[in-house]
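Notes for the structure review
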Number of protein chains: 2
Amino acid sequence: MITSNQNPRLKLARSLLGRAKERRAENAFVAEGVRLVEEALRAGWPFRFVLTAENLSDRGKALVDHLQKHGVAVEQVSSDLLNSISETETSQGILAVLDQSTQPIPDTLSCILILDQIRDPGNLGTLLRTAAGAGIQAIFLPPETADAFAPKVVRAGMGAHFRLPIHVLAWETIREICERANLTILLADMEGRSYWEIDLRSPLALIVGGEADGASQQARSLAHDRISIPMPGGGESLNAAVAGAILLFEVVRQRTSSFQK
Amino acid sequence: MITSNQNPRLKLARSLLGRAKERRAENAFVAEGVRLVEEALRAGWPFRFVLTAENLSDRGKALVDHLQKHGVAVEQVSSDLLNSISETETSQGILAVLDQSTQPIPDTLSCILILDQIRDPGNLGTLLRTAAGAGIQAIFLPPETADAFAPKVVRAGMGAHFRLPIHVLAWETIREICERANLTILLADMEGRSYWEIDLRSPLALIVGGEADGASQQARSLAHDRISIPMPGGGESLNAAVAGAILLFEVVRQRTSSFQK
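Residues numbered from 1 in each chain as written. Chains lettered and ligands numbered in written order. Predicted model: local features only at pLDDT ≥ 70, side-chain atom pairs only at ≥ 80, totals over all residues. Heavy atoms only, no water.

What follows concerns the sheet that holds strand S9 (residues 204-209) of chain B. Backbone-to-backbone hydrogen bonds pair the strands of a sheet. The strands run either parallel or antiparallel. All names here are of chain B. Taking strand neighbours across the sheet as the criterion, the six strands line up as S7-S6-S5-S9-S8-S10 in an open arrangement whose pairing is parallel. In the strand order of this sheet, the two ends are held by strand S7 (166-168) and strand S10 (225-228), each with one partner. Neighbouring strand axes in the sheet, compared pairwise and without regard to direction, differ in orientation by 35° on average. Inspection of the sheet shows strand S6 (residues 138-141) paired to S7 by three bridges, in the parallel sense. What sits directly across from Ile139, in S7, is Ile166. Contacting strand S5 (111-116), S6 and S7, helix H6 (residues 121-134) runs over the sheet at an angle of about 175° to S5. Lying over the sheet, helix H8 (residues 171-180) contacts S5, S6, strand S8 (184-194) and S9, oriented at roughly 165° with respect to S5. (Pairing = 2+ DSSP bridges. Helix = DSSP H or I, 4+ residues; strand = E, 2+ residues; numbered from the N terminus. Axes fitted to C-alpha atoms, helices over the stretch in contact; angles between N-to-C directions. Contact = heavy atoms within 4.5 Å.)

In structure tokens:
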């Protein structure tokens, strides 16, 4: 049982819960809580190790058995020590240190999401969760967007990280991939045609920009067209995660229902 | 200039930024930041007083001029003192103490939103902001839902509080209002018909439940039908604010576009 806050595994977990720089240098991240660790195991994700404390629930204990059967190193830590590094208010007594493994981009693309300058971790995680639910094939993150493996993003993502290919890419690479796959690139914007007036059934890339600064110059120059969400009630804008969700599920609707324009 | 943390106005603002009980007892709440105070003034909202600090921007100073022209009491506080009670990380140097005035429920209802057991203040505020943008006529909050006038809800609401009638109502009263207005009551649920298969053009009430516990027994017994969001990508559920947004904007789409079922 780890009781020293200088233990190397504890120190690694703590630094990965901190700055993006550390996560990139180590090419690793942390998933906290029973549900997220279950999802990682179910997805066959590469584990480095798991830390657990004595306050683990029965479901958590069953998970630890499964992890050990799969050859994952599980180490006990005192609850106080685990709580001291935990990002959550009350630690569920389990966290996993995982590789930042990246699932490949599918060969044939029909819908991908580009998140441009999304800085709020809760919004970023919610967008990943929504995209996973909508069956989007991949997420492209330009360098200006927040780190998708930050603890708050992972928590809000609710397992999306283990189900979606998430790629940090330069704008030039994003352009090349979209051109090769012949995707129509649509930018979510306050101006533009209403989303229900645009046929979203052919292969497309949707760009959703951050709230503070809107879309970047690169996003504007990449986009073929703009798509907007009319707001009959007025107001300046919608939350970025909300706008993304409305557009992603319009893609689902048009492709699933017997859509007639 | 207020320099004592025992000043009565400062103490009132601090207690209103705290517990819901204090806000209810005083029938007041706090809006922080230049944009929110601008929105309150534009809406003609009843102000009690405004506190400002020296770090106010030019836009903030112009706002103070407007407030004073409208007869609002504006008092200076030291920046340190205002920061010490502020809910935001960096105070913009202005906060308003406002009445919890309630706009009346419109006589003729065509779309209202019932938020059932929404506990997360960010989600609640985002739902209010989205509903205001969608032009929903009123929000009904059963007693189990979080306080809509909590500082985090007000901030995430981005001015929705000044544009939407928000009413805390017992379920029995909600039932009476819906029956009188002849509303079809739809419960957002994992089971149910896909949202695009339901005609949302006739007068309706939409119930969105909290993520943790789903819909309450009262919500289930009130609802005429269930409406669901199919998730081709799988996953357990969507964030409550995201699910609400998709359904509210489907109402907008069906009522605005030349909808054909």
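Moving on from the coordinates now.
All right, on to the domain arrangement of chain A then. All names here are of chain A. Each domain of chain A was delimited in the assignment, giving domain 1 (8-99) and domain 2 (111-256). Using C-alpha coordinates to define each centre, domain 1 is positioned 29 Å away from domain 2. Of the residues lining the interface, 16 residues belong to domain 1; the matching set on domain 2 comes to twelve residues. Summed over both sides, the interface of domain 1 with domain 2 buries roughly 1,200 Å², with 68% coming from carbon and sulfur. Seen at the junction of domain 1 and domain 2, the total is two salt bridges. Residue Glu39 pairs with Arg163 through a salt bridge whose shortest N-O separation is 4.0 Å. Put simply, domain 1 and domain 2 have two residue pairs in polar contact (both at pLDDT 80 or more) between them. Contributions of two or more residues to the side of domain 1 that touches domain 2 are made by helix H2 (20-26), strand S1 (28-32) and helix H3 (34-42). Here the side of domain 1 that touches domain 2 is built from residues that sort into ten nonpolar, one polar and five charged. (Domains from an automatic or database assignment. Buried area = accessible area lost by both parts, 1.4 Å probe. Salt bridge = Lys/Arg side-chain N within 4 Å of Asp/Glu carboxyl O. Polar contact = N/O pair within 3.5 Å; in protein donor to acceptor, adjacent residues only side chain to side chain. Nonpolar A, V, L, I, M, F, W, Y, C, P; charged D, E, K, R; others polar.)

What follows covers unusual backbone geometry. Residue and element names in this part refer to chain B. The phi angle at Met158 is positive, at roughly 50°, despite the residue not being glycine. Of note, Met158 is situated in the loop between helix H7 (151-157) and S7. With phi around 60°, Asn182 is a residue other than glycine that occupies positive phi space. For Asn182, the position within the fold is in the loop between H8 and S8.

Turning next to the pairing of S6 of chain B. All names here are of chain B. Covered by surrounding structure in S6 are Ala138 and Phe140 together with Ile139 and Leu141, the residues of both alternating faces. The sheet contact formed by S5 and S6 spans three bridges and is parallel. If you follow Leu113 over to S6, its bridge partner there is Ile139. Once you follow S6 into H7 and on to S7, the crossover reads as right-handed. (Buried < 20%, exposed > 50% of the residue type's maximum accessible area, 1.4 Å probe, protein only. Right-handed = clockwise from strand over helix to strand, strands pointing away.)

Next up on the list: the relation of the copies chain B and chain A. Least-squares fitting of chain B to chain A yields an RMSD of 0.0 Å, with the superposition described by an axial translation of 0.0 Å and a rotation of 180°. Each copy turns onto its partner about a two-fold axis. Mapped onto chain A, 100% of the interface residues of chain B are again interface residues, and the two copies thus contact each other with one and the same surface. (Least-squares fit on C-alpha atoms with pLDDT ≥ 70 in both.)

All names here are of chain B. Pairing within the open sheet is mixed, and its four strands lie in the order S1-S4-S2-S3. The two strands at the open ends of the sheet, each matched to only one other strand, are strand S1 (28-32) and strand S3 (74-76). The sheet shows a mean angle of 20° between the axes of neighbouring strands, direction not considered. Where strand S2 (residues 47-52) lies against S3, three bridges are found, and the strand directions are parallel. Opposite Leu51, over in S3, you have Glu75 as the bridge partner. Along the sheet, helix H1 (residues 8-16) makes contact with S1, S2, S3 and strand S4 (94-99), crossing S2 at roughly 100°.

Membership of the largest hydrophobic core comes to 128 residues, with the highest contact counts inside it found for Phe47 and Leu115 of chain A together with Phe47 and Leu115 of chain B. Excluding residues within four positions of it along the chain, Phe47 of chain B makes contact with Val37, Ala40, Leu41, Leu67, Val72, Ala96, Val97 and Leu98 of chain B. (Core = buried A, V, L, I, M, F, W, Y, C linked by side-chain atoms within 4.5 Å.)

Many analyses report the size of an interface as the accessible area lost when the parts associate. At the interface, 35 residues of chain B touch 35 residues of chain A. At the junction of chain B with chain A, the criterion picks out zero salt bridges. On the surface where chain B and chain A come into contact, there are ten residue pairs in polar contact (both at pLDDT 80 or more). When residues in the side of chain B that touches chain A are grouped by element, the largest group, nine residues, is from helix H10 (residues 240-256) of chain B. Taken together, the residues of the side of chain B that touches chain A sort by class into 15 nonpolar, twelve polar and eight charged.

Residue and element names in this part refer to chain A. With the rule as written, the count across this model stands at nine aromatic pairs over all chains. Centre to centre, the rings of Trp45 and Phe162 are 5.2 Å apart; their planes meet at 70°, and the pair counts as edge-to-face. Taken together, the residues span a long stretch of sequence, with Trp45 in the loop between H3 and strand S2 (47-52) and Phe162 in the loop between helix H7 (151-157) and strand S7 (166-168) at a distance of 117 residues. The residues Trp45 and Phe162 share a single accessibility class, namely buried. Taken together, the ring pairs connect Phe29, Trp45, Phe149 and Phe162 into an aromatic cluster. (Phe/Tyr/Trp six-rings, centres within 6.5 Å; stacked < 30°, edge-to-face > 60°.)

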